[in-house]
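Structural features, examined
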Amino acid sequence: MTSVPGSCPLCNRRRFLKSFAWAATAFVAGERSSGQQAAGETANGGTEPYPIPWLDKNGSHNQPAGPDLEPSHIYHFKGRVARCSTFTGMGTDNNGNRIAFGSPTTDYGVMQGDYWAARTTQHGAFTHI
Amino acid sequence: MVPANQTHDFHPPIAPSGLYWVVPVPAGGLNISPDGNTITLEMRNVPIVDQPRWPSLDSIATPARMTFKMVWKSTGQPVFYENASRQFRFKGTRAQCQLEAQVEVPSIGFSWKSDAIGTSRADFAVMGEEVNGRYYV
């Protein structure tokens, strides 16, 4: 068996740990550059509202409008809301054609108040159109 | 259910977060009467898309814009919805809602304008106050 001066299991382990620490540092630096996080900024997420978590039959975070259904399209929300659906009406296109609008799923809504985003309370008004 | 004769479907894009067809209302776009019984929402040139084959996953979205005015008026009839498993509570009234709008799809040279607001009708409308998610207690 050949002995290598200065080598031992503990030394090898320490060398490994040093390498790991270096790799971890490199990884963190990479995260910062890909996230475009500038110095002095927080990293608390965006201020855009959260969608309602539940999915509709089409796989969307949509809330159909109707009795006993949730009027808001924003989750973690507290405030004024108005909702409507099943619109019918008429209009005219740029060629003079009369075209109806509306269907049972033609729905709109407006939400104004507090909502939770970026780890704190935000305030705003939004519409679902 | 999408009507078989539907030729256009106008809405904002779904946000990367999944937020569904929701856009911010600019300052001055939302007006509420002092008694709280009338809500008027007016927005101009809102960036939207036209997806005639929605909800098909491969429905092409063509950039468009929409200008509209929508008015809710409370009927005074109380409404209360609550679902603890979905963590929401709504307390308000039934309402009447009417809409006038115009849309443009510049790339295909299409535009459309509704008749006056008084000629439209929504079969379902409510207005009031809601709490959900972390505010639902």
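Computed from a prediction, not measured in an experiment: that's the story for all the values here.

Rules used throughout
- Residues numbered from 1 in each chain as written.
- Chains lettered and ligands numbered in written order.
- Predicted model: local features only at pLDDT ≥ 70, side-chain atom pairs only at ≥ 80, totals over all residues.
- Helix = DSSP H or I, 4+ residues; strand = E, 2+ residues; numbered from the N terminus.
- Contact = placed C-beta atoms within 7 Å.
- Nonpolar A, V, L, I, M, F, W, Y, C, P; charged D, E, K, R; others polar.
- Pairing = 2+ DSSP bridges.
- Core = buried A, V, L, I, M, F, W, Y, C linked by C-beta atoms within 7 Å.
- Buried ≥ 20, exposed ≤ 12 C-beta atoms within 10 Å, placed from the backbone.

**Thoughts on the overall build of chain A**
- Scanning chain A from N- to C-terminus turns up one helix and six strands.
- Its helices and strands in sequence order give chain A the pattern α-β-β-β-β-β-β, from N to C terminus.

**Comments concerning the overall build of chain B**
- Across its full length, chain B carries zero helices and eight strands.
- Each helix (α) and strand (β) of chain B, taken in turn from the N terminus, gives the series β-β-β-β-β-β-β-β.
- Counting only C-alpha atoms and orienting by the principal axes, one finds that chain B spans roughly 45 × 35 × 35 Å.
- Of all intrachain contacts in chain B linking residues separated by at least 6 positions in sequence, the fraction that spans at least 24 positions is 55%.

**Here's the deal with the interface of chain B and chain A**
- Tallying the contact residues gives 53 residues for chain B and 51 residues for chain A.
- For the side of chain B that touches chain A, the secondary structure elements donating two or more residues are strand S2 (22-24), strand S4 (38-50), strand S5 (62-83), strand S6 (88-105), strand S7 (110-114) and strand S8 (121-132) of chain B.
- With twelve residues, the single largest contributor to the side of chain B that touches chain A is S8(B).
- Taken together, the residues of the side of chain B that touches chain A sort by class into 35 nonpolar, ten polar and eight charged.
- Summarising the sheet, strand S3 (residues 77-93) of chain A and S7(B) pair through three bridges and their orientation is antiparallel. Considered in S7(B), the bridge of Asp93(A) is made with Trp112(B).

**With respect to the nonpolar core**
- Of all hydrophobic cores here, the largest spans 48 residues; its most connected members are Met66(B), Trp72(B) and Cys97(B).
- Contributing elements (two or more residues each) for this core: strand S2 (74-75), S3 and strand S5 (107-117) of chain A together with S4, S5, S6 and S8 of chain B.
- A total of seven residues in this core trace back to one element, the largest contributor, which is S6(B).
- Beyond its immediate stretch of four places on either side in the chain, Trp72(B) contacts Ala82(A), Cys84(A), Thr38(B), Ile39(B), Ala95(B), Cys97(B), Ala125(B) and Met127(B).

**Brief notes about the pairing of S8(B)**
- In this structure, S3(A) lies alongside S8(B), joined through ten bridges in antiparallel fashion. Across the sheet, residue Lys78(A) finds its bridge partner in S8(B), namely Val131(B).
- Pairing of S6(B) with S8(B) involves seven bridges; the strand directions are antiparallel. When the sheet's bridge partners are listed, Phe88(B) is paired in S8(B) with Asn132(B).

**Notes on the pairing of S3(A)**
Residues and elements named next belong to chain A.
- Alignment of S3 against S5, held across nine bridges, turns out to be antiparallel. Its bridge partner lying in S5, Arg-80 is registered against Gln-112.
- Inspection of the sheet shows S3 paired to strand S4 (residues 98-101) by four bridges, in the antiparallel sense. Following the sheet pairing, Met-90 is matched in S4 by Ala-100.
- Connecting S3 to the antiparallel partner S4 that follows it, the hairpin turn spans four residues, and Gly-96 within it adopts a positive phi of roughly 85°.

**Focus on the environment of Ser33(B)**
All names here are of chain B.
- When you line up the elements, Ser-33 lands in the loop between strand S3 (30-32) and S4.
- Of the residues examined, Ser-33 has 11 C-beta atoms within 10 Å and is grouped as exposed.
- Each C-alpha atom, one on Ser-33 and one on Lys-73, is 9.8 Å from the other, the two residues being 40 residues apart in sequence.

**Regarding the environment of Ala117(A)**
Residue and element names in this part refer to chain A.
- Tracing the sequence through the fold places Ala-117 in strand S5.
- The spatial distance from the C-alpha of Ala-117 to the C-alpha of Asn-44 is 8.5 Å, given a sequence separation of 73 residues.
- When near neighbours in sequence (up to four residues on either side) are disregarded, Ala-117 contacts Gly-45, Gly-46, Thr-47, Glu-48, Pro-49, Tyr-50 and Gln-122.

**A closer look at unusual backbone geometry**
- Cis geometry is adopted by the peptide bond preceding Pro55(B), which originates at Trp54(B) and carries an omega value of 10°.
- The phi torsion at Thr86(A) lies on the positive side, around 60°, for a residue other than glycine.
- Position of Thr86(A) among the secondary structure elements: in strand S3.
- Even without a glycine there, the phi angle at Trp21(B) is positive, about 55°.
- Tracing the backbone shows Trp21(B) in the loop between strand S1 (10-11) and S2.

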